[in-house]
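The primary structure of each chain is shown beneath.
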Amino acid sequence: MCQYKTITNLANFVPNGRLGQLFTKAKSYNQINIELNKILPNKLKPFIKLCLIKDNTATLITNNHAIYFRAEKQIVKLLEILIQIPALESITHVEIKININ
């Protein structure tokens, strides 16, 4: 018969190595998305999220094709919005992707 381990409180879970780095990155992206949601235009606000920061490029993702096209037309404005967030002030390029799942 298998014995089950008791469930521990994961609120203070601090993994080491790559897993810990992923948790840390996810926390920071969640915080950035909260800040981003406060300053995005209302038509984009509920539909677009930051999903990756790499090489001074911020990649935003949406599930909606219409929002993708609307955001592509406002790419300069989106960059201006993103660099208002202290964690993103070094961003020089913005990409928009569509999540088709």
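Provided above is the structure to which this section pertains.
In what follows, the accompanying structure is described. Because the structure is predicted, anything quoted here is derived from the model rather than measured.

Some words on the overall build of the protein chain
Next, step 1: A tally of helices and strands in the protein chain yields three helices and three strands.
Next, step 2: Classification of the 101 residues of the protein chain by burial places 25% in the buried group.
Next, step 3: Pairs at least 24 residues apart make up 56% of the contacts formed inside the protein chain by residues separated by at least 6 positions.

Side note on the pattern of salt bridges
Next, step 1: Counted by the stated rule, this structure contains one salt bridge.
Next, step 2: The partner of glutamate 95 in a salt bridge is lysine 97, and the shortest N-O contact between them spans 3.9 Å.
Next, step 3: The exposure class of lysine 97 is partly exposed, given its relative accessible area of 42%.

Some remarks on the environment of isoleucine 85
Next, step 1: By the element assignment, isoleucine 85 lies in the loop between helix H3 (75–82) and strand E3 (93–98).
Next, step 2: Sequence-wise, isoleucine 85 and glutamate 35 are 50 residues apart; in three dimensions their C-alpha atoms are separated by 7.2 Å.
Next, step 3: In contact with isoleucine 85, other than residues within four places in its own chain, are Ile32, Glu35, Leu36 and Ile39.

Cut-offs applied
Residues numbered from 1 in each chain as written. Predicted model: local features only at pLDDT ≥ 70, side-chain atom pairs only at ≥ 80, totals over all residues. Heavy atoms only, no water. Helix = DSSP H or I, 4+ residues; strand = E, 2+ residues; numbered from the N terminus. Buried < 20%, exposed > 50% of the residue type's maximum accessible area, 1.4 Å probe, protein only. Contact = heavy atoms within 4.5 Å. Salt bridge = Lys/Arg side-chain N within 4 Å of Asp/Glu carboxyl O.

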